[in-house]
Amino acid sequence: MDRPRAGSGRGRLGLLAAVPAVALSAVAAWALGRDEGAPRAYAPAAGEVASCEELSPAARRGKRIYQRGATEDGRAIEGAIAGGAAALSGREAACAGCHGPSGEGTTEGGVTAPPLAAERRLAASGERGGGTGRGRGTGEGAMTAAALVTAIREGRGPAGQRLSPVMPRYRLAEADLSDLVDYLGCVGRDLDPGVTAGSVALGAALPLTGPDAPVGAAARDVLMAAFAEVNARGGLYRRRLELRVEDSAGPSGEAGATARLLDRGVLALVGSAFDGDPALRARLSEERAPLVGPLALAGTGAPGLAGGAGAPGLAGGAPGRARDVAAGADDVVFQVLPGPDVLARVAVKHLAGAPANAGALALVVHTRDRAGEAWASGARAEAARRDLPAPPALSFEPGRLSPRDVAGAVRAHGARAVLFWGSGADLVSVRAALDDAGSAAPIYASLGSITGSAGAPSRELAGRVLFLYPGSLGERERASEDALEAFLRRAGVAPGPLGVQASAYVAAQIAIEALKRAGAHATREGLIAALERLRDFDAGPAPPVTFARNRRTGVLGASLLWMDSTSDTAVRASEWIEVVP
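Residue positions are given per chain, counted from 1 along the sequence in the order it is written. Local features in this predicted model are restricted to residues whose pLDDT is 70 or higher, and side-chain atom pairs enter the listing and the counts only when it is 80 or higher, whereas totals over whole chains, interfaces and linings include all residues. The side-chain numbers reported here are obtained from all heavy atoms of the structure, hydrogens and water having been left aside.

Take the pattern of salt bridges next. We count a salt bridge whenever a side-chain nitrogen from Lys or Arg sits within 4 Å of a carboxyl oxygen from Asp or Glu. Overall, the coordinates contain 28 salt bridges when judged by the stated rule. Between glutamate 78 and arginine 171 there is a salt bridge whose closest N-O contact spans 3.5 Å. Here arginine 171 lies in strand β5 (residues 169-171) and glutamate 78 lies in strand β1 (residues 78-81), a separation of 93 residues in the sequence. Between aspartate 538 and arginine 476 there is a salt bridge, and its shortest N-O distance comes to 2.9 Å. Taken together, the positions of aspartate 538 in the loop between α19 (524-532) and β18 (557-564) and arginine 476 in helix α17 (residues 474-491) put the pair 62 residues apart, joining distant regions of the chain. Partly exposed describes any residue whose relative accessible area lies between the buried limit of under 20% and the exposed limit of over 50%, with all areas from a 1.4 Å probe on protein chains only and scaled to the type maximum. Classification of aspartate 538 as partly exposed rests on a relative accessible area of 49%. Members of the salt-bridge network, linked through shared partners, are Asp263, Arg283, Glu287 and Arg524. A run of H or I in DSSP counts as a helix once it spans at least four residues, and a run of E counts as a strand once it spans at least two, with each numbered from the N terminus.

Set out below in structure tokens:
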């Protein structure tokens, strides 16, 4: 058995839903049989390229329609495909879904969405000169705008030919259509916040003052070192990566520090402190600013990888969410390790998997806070998924648990197991109370929450508690830890809290990989799309990370560990247990 060292695509709904915006513009006629009499593609002059770096108000509204399938006032755009056989709305109808966030064009399932960005459009069509830009002249430009409107609303090309049946026929108000056409003149050439010709700025809100200052400094230094390593190799697409940091320990906290970063202009946040605050999450979502690998500083766990389940070298403990993101992508927070909700689901799956326990009741004991409520919600969700009765729950104010109440509830409900979320000291008390009551019910608990609140797990928990641990084990754990320490030495980063340094390193590696995959035209939507395509990515001191359109947690599983009282080490008690998003 492995003994860890102590202290140490997007989802598709079938072909029709997969291509919601194929052939949006008149250039689709060129991909499906171009009419020789149609207006030719427009080649932007240098001045016009520069003018796209800062969009007009109309083009900004059009960009929202193009990328998000929604108008500025929140109305979802609508369209129909295949002769009205299927309707699309909102993000599923967004142009970027098939033409790409930067209008680069895509091919999927044998269907090609032609490029809309001017340079790629010219290359795809073989055109030179001409004019399709709306408002550029009154003759050919106006005719092209009319052809574009016909393609969007009726699915017909400039010569009246019918375009692909998988291209939506959109129902857009005149003003919305005008905004969209304005943006199409700049797609692929506009610059998102934090992006210049020579650099990409990324941000992190970290505690630089107060008692958590060493944590913030450790994360900052690792992020800077990871980006410096990329810059030493020439950067990404000839752009340097820059890190901007704001102090999250000030009076305005994480929300204020994050707001200052967004106001300064950053493409994304990486390894930034985040406690799950709904208002901050909503601000990030509204601005479509991704947060990659948030650093958890609050909750019942130690600082480290957000998700609530850390362990030696990969500490965590951020309050989780009742469920992962469903259907898509209004959430832009990409966390690495699972939160309390996912860990509780793993516990229920393991408990239900033993024939003797099928249908057995588990008593859920949890703190009366956001993390504890997420733990209880996850247990209920997994029980419902398995057609099991909803488990009874006992909540308590942190620090005010009555162990006798737990033992009494186990007896009253006939519970065969306890799913516990709380401090290590309370867990020790619960175990003693169950022993005194003669109950042999196993206890499931998060290793991260216990190590965060009480240091190493107490020997008093050995042989009774099953610890949920979402990190790597055995040789992979040792190899990844050695690789991290080698990086720190190579970069000259001073020794610090290893869990925090691991968290920052993983966040940086995920962000760097996503930026590579997003391409030369760096955008927030492109970065989000690239993150959604990550599959089993090895980011270093963490299990392989996978995101998707309906998945914002990179690791959706855990192993179970026992504490061995004779050797004071953790012993694997199960194989890896995965749950579905």
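Ordered in space as β2-β1-β5, the three strands form an open sheet in which the pairing is antiparallel. For this open sheet the edge positions go to β2 (86-89) and β5, each flanked by a neighbour on one side alone. Along the sheet, successive strands turn relative to each other by an average axial angle of 25°, direction set aside. Note on pairing: two strands pair once DSSP finds at least 2 bridges between them. For helices, the fitted axis covers only the stretch in contact; all axes are lines through C-alpha atoms, and the angles between them, taken along N-to-C directions, range from 0 to 180 degrees.

Our next topic: the state of the cysteines. Whenever a pair of cysteine sulfur atoms sits within 2.5 Å, that pair is classed as a disulfide. Going through the model one piece at a time under the given rule, you end up with one disulfide. A disulfide bridge connects cysteine 52 with cysteine 186, and the sulfur atoms are separated by 2.0 Å. Taking the sign of the S-S torsion, -75° for the link of cysteine 52 and cysteine 186, the bridge is left-handed. Placement of the pair is cysteine 52 in the loop between α3 (46-51) and α4 (57-68) and cysteine 186 in the loop between α8 (174-184) and β6 (199-206), with a sequence separation of 134 residues. Residues cysteine 52 and cysteine 186 agree in their burial class; the two are buried. Residue cysteine 95 stays outside any disulfide, its sulfur separated by 9.9 Å from that of cysteine 98, the closest cysteine. Owing to a relative accessible area of 1%, cysteine 95 belongs among the buried residues under this scheme.

Next up on the list: the environment of leucine 202. Topologically, leucine 202 is positioned in strand β6. When the C-alpha atoms of leucine 202 and leucine 223 are compared, they prove to be 9.9 Å apart, with 21 residues separating the residues in sequence. With residues near it in sequence (within four places) discarded, leucine 202 still touches Phe227, Glu242, Leu243, Arg244, Val266, Leu267, Ala268, Val270 and Leu515. Here a residue-residue contact requires only that any non-hydrogen atoms of the pair lie within 4.5 Å.

Next up on the list: the confidence of the model for the chain. When pLDDT drops low, the exact placement of atoms in the prediction is not to be read closely. Taken residue by residue, the chain gives an average pLDDT of 80. The fraction at 70 or more is 78%. Residue-level confidence of the predictor, termed pLDDT, takes values from 0 up to 100. Scored below 50 in pLDDT, residues 299-303 makes 24 contacts in the model with residues more than four places away or belonging to other chains. Confidence drops under a pLDDT of 50 for residues 306-329, and excluding neighbours within four residues, the segment shows 110 contacts in the predicted structure.

Phi is positive for tyrosine 237, which is not a glycine, with a value near 55°. With respect to the element layout, tyrosine 237 can be found in the loop between α9 (213-232) and β7 (240-247). Using a relative accessible area of 44% as the deciding quantity, one classes tyrosine 237 as partly exposed. The backbone phi angle of arginine 238 is positive, close to 65°, even though this residue is not glycine. Within the fold, arginine 238 resides in the loop between α9 and β7.

On to the pairing of strand β14 (residues 393-396). For a regular strand, the rule is simple: side chains alternate between the two faces of the sheet. In terms of strand pairing, strand β13 (residues 362-367) meets β14 through four bridges, oriented parallel. Within β14, the position partnered with valine 364 by the bridge is alanine 393. Looking down the strands as they point away from the viewer, one classifies a crossover as right-handed if the path from the first strand across the helix to the second runs clockwise. Assessed by its sense of winding, the connection that carries the chain from β13 through helix α13 (residues 370-385) to β14 is right-handed.

Glancing now at the sheet that holds strand β12 (residues 333-334). Pairing is parallel in the open sheet, where five strands are placed in the order β7-β6-β8-β9-β12. In this open sheet, the two strands that pair with only one neighbour each are β7 and β12. With eight bridges joining them, β6 and β7 adopt parallel strand pairing. Residue pairing across strands places serine 199 opposite arginine 240, the latter belonging to β7. Set on the sheet, α9 makes contact with β6, β7 and β8 (268-270); between it and β7 the angle comes to about 170°.

Quick look at the side chain of arginine 64 now. Tracing the sequence through the fold places arginine 64 in helix α4. You can call arginine 64 buried: its relative accessible area is 18%. What arginine 64 contacts, discounting residues up to four positions off in sequence, is Gly69, Ala70, Thr71, Glu72 and Glu286.

We now examine the packing of aromatic side chains. Classification of ring pairs rests on two measures: the distance between centres of Phe, Tyr or Trp rings, Trp counted by its six-membered ring, which must be within 6.5 Å, and the angle between planes, read as stacked under 30 degrees, edge-to-face over 60 and tilted in between. Tallied over the full model, the rule gives five aromatic pairs. Between phenylalanine 396 and phenylalanine 420 the ring centres are 6.4 Å apart and the planes differ by 20°, which places this aromatic pair in the stacked class. Here phenylalanine 396 is found in strand β14, whereas its partner phenylalanine 420 is found in strand β15 (residues 417-421), with 24 residues between them in sequence. The exposure class assigned to phenylalanine 396 is buried, which follows from its relative accessible area of 4%. Ring plane angle 55° and centroid distance 4.9 Å describe the contact between phenylalanine 487 and tyrosine 505, whose orientation is recorded as tilted. Of this pair, phenylalanine 487 sits in helix α17 while tyrosine 505 sits in helix α18 (residues 498-518), and the two are 18 residues apart along the sequence. Since its relative accessible area comes to 14%, tyrosine 505 is described here as buried.

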